[in-house]
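# What the coordinates show
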Amino acid sequence: MPAFISRLSMAWHAALSFQRCVLAICAVLLTLIIFAQVIARYVFQTAIFGLEEIAVYIAIWFYFLGGSVGASERGHISASLTDILIKNDTAQQAIKTFSSLLTSVVCGWMVVWSWGLASWSLKMGMMSTEVNIPIGYVHLAMPVGLGLMTLYFVAEFAEHCADLLRRLRG
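Figured I'd write up the structure that's included with this text. Computed from a predicted structure; not experimentally measured. Note that residues are indexed from 1 along each chain, following the sequence as it is written. It should be noted that, the model being predicted, local features are given only for residues of pLDDT at least 70 and side-chain atom pairs only at 80 or more, the latter also being counted only at that level, while totals for whole chains, interfaces and linings use all residues. The basis for every side-chain value is the complete set of heavy atoms in the structure, and neither hydrogens nor water enter the calculation.

## A few points about the overall build of the chain
Secondary structure elements are taken from DSSP: a helix is a run of H or I of four residues or more, a strand is a run of E of two residues or more, and numbering for both begins at the N terminus. Helix and strand content of the chain: six helices and zero strands. The N-to-C order of helical and strand elements in the chain reads α-α-α-α-α-α. Here the radius of gyration uses the C-alpha set of atoms, whereas the globule reference equals 2.2 Å times the residue count to the power 0.38. For 170 residues, the compact-globule formula gives about 15 Å, and the C-alpha radius of gyration of the chain, at 21 Å, lies well above that figure. With a 1.4 Å probe rolled over the protein chains alone, any residue whose accessible area is under 20% of its type maximum counts as buried; one over 50% counts as exposed, and the rest are partly exposed. Here the chain holds 170 residues, and the buried ones make up 30% of them.

## Focus: helix H1 (residues 2-42)
In an α-helix, one turn spans 3.6 residues, which is why side chains three or four residues apart end up on the same side. When the terminal C-alpha atoms of H1 are compared, their 60 Å separation across 41 residues agrees well with the 60 Å that a helix rising 1.5 Å per residue should span. Every buried residue of H1 is listed here: Leu16, Gln19, Leu23, Cys26, Leu30, Ile33, Gln37 and Ala40. Contacts between residues were defined by any pair of non-hydrogen atoms, one from each residue, lying within 4.5 Å. Residues of H1 that are buried sit in contact with helix H2 (51-72) and helix H6 (141-169). Expected span of a helix: the number of residues minus one, times 1.5 Å.

## Comments concerning the environment of Lys123
Relative to the helices and strands, Lys123 resides in helix H4 (residues 89-124). Looking at Lys123, the relative accessible area reads 67%, which means it is exposed.

## Here we look at unusual backbone geometry
A positive phi angle, near 50 degrees, is found at Gln45, a position not held by glycine. Backbone geometry at Asn132 places phi at a positive 60 degrees, although glycine is not the residue there. Of note, Asn132 is situated in the loop between H4 and helix H5 (135-139).

## Concerning the packing of aromatic side chains
Any Phe, Tyr or Trp ring, taking Trp's six-membered ring, that has another such ring centre within 6.5 Å forms a pair; planes under 30 degrees apart are called stacked, those over 60 apart edge-to-face, and the others tilted. By the definition in use, this model includes two aromatic pairs. Where Trp12 meets Tyr152, the ring centres are 5.1 Å apart and the plane angle is 80 degrees; that geometry is what we call edge-to-face. In this pair, Trp12 is assigned in helix H1 and Tyr152 in helix H6, connecting sequence segments 140 residues apart. On the accessibility criterion, Trp12 (29% relative accessible area) is partly exposed. Residue Tyr152 is classed as buried on the basis of its relative accessible area of 2%.

## With respect to the packing of H2 against H6
To define axes, lines are fitted to C-alpha atoms, for helices over the stretch in contact only, and angles between the resulting N-to-C directions are given on a 0 to 180 degree scale. Contact pair H2 / H6: the axes reach a minimum separation of 8 Å and the direction vectors enclose 5 degrees. On the basis of the axis angle, H2 is roughly parallel to H6. When H2 is examined against H6, the residues Ile60, Trp61, Phe64, Leu65, Gly67, Ser68, Ala71 and Ser72 are found in contact with a partner set consisting of Ala141, Met142, Val144, Gly145, Leu146, Leu148, Met149, Tyr152 and Phe153. Classifying every residue of the contact of H2 with H6 gives 13 nonpolar, four polar and no charged. Working definition: roughly parallel below 35 degrees, roughly antiparallel above 145 degrees, roughly perpendicular at 65 to 115 degrees, and oblique for all remaining angles. Gly is placed with the polar residues, together with every amino acid not listed as nonpolar (Ala, Val, Leu, Ile, Met, Phe, Trp, Tyr, Cys and Pro) or charged (Asp, Glu, Lys and Arg).

In structure tokens:
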């Protein structure tokens, strides 16, 4: 069993490294595209056709993959008043566990919904207006990013469950 856990941990970290690499590439591409468009507009008084559309599509992938990395690092925003209102550590942990379950379920539902949108747009052959790429590839950013977020939220839920069980056992 430890070998399986070790391999799973390696795959987990490799996937996160890959996500961070893709994010870095997206950030560089966005910067270069915006810089090129600014130079084209203000130095040469022209615009490069389709560049804004490409920048938006890269930004969409950047946003959803960035959200998944944020979820993996537990960097999502939490406005929890329970830490102030409830002093019992076990009750606080139970609320965190329920909250992470709810987050996992909602995010999982959004994966299903967004997959339906992406697969529909791919099946319909929808193309972008300027650069004529399948818009379904852009829509795939949603189920991919949300799927990764769901995975990380489920892992967080499992950790909260384990911590709650430890607290209940004393």
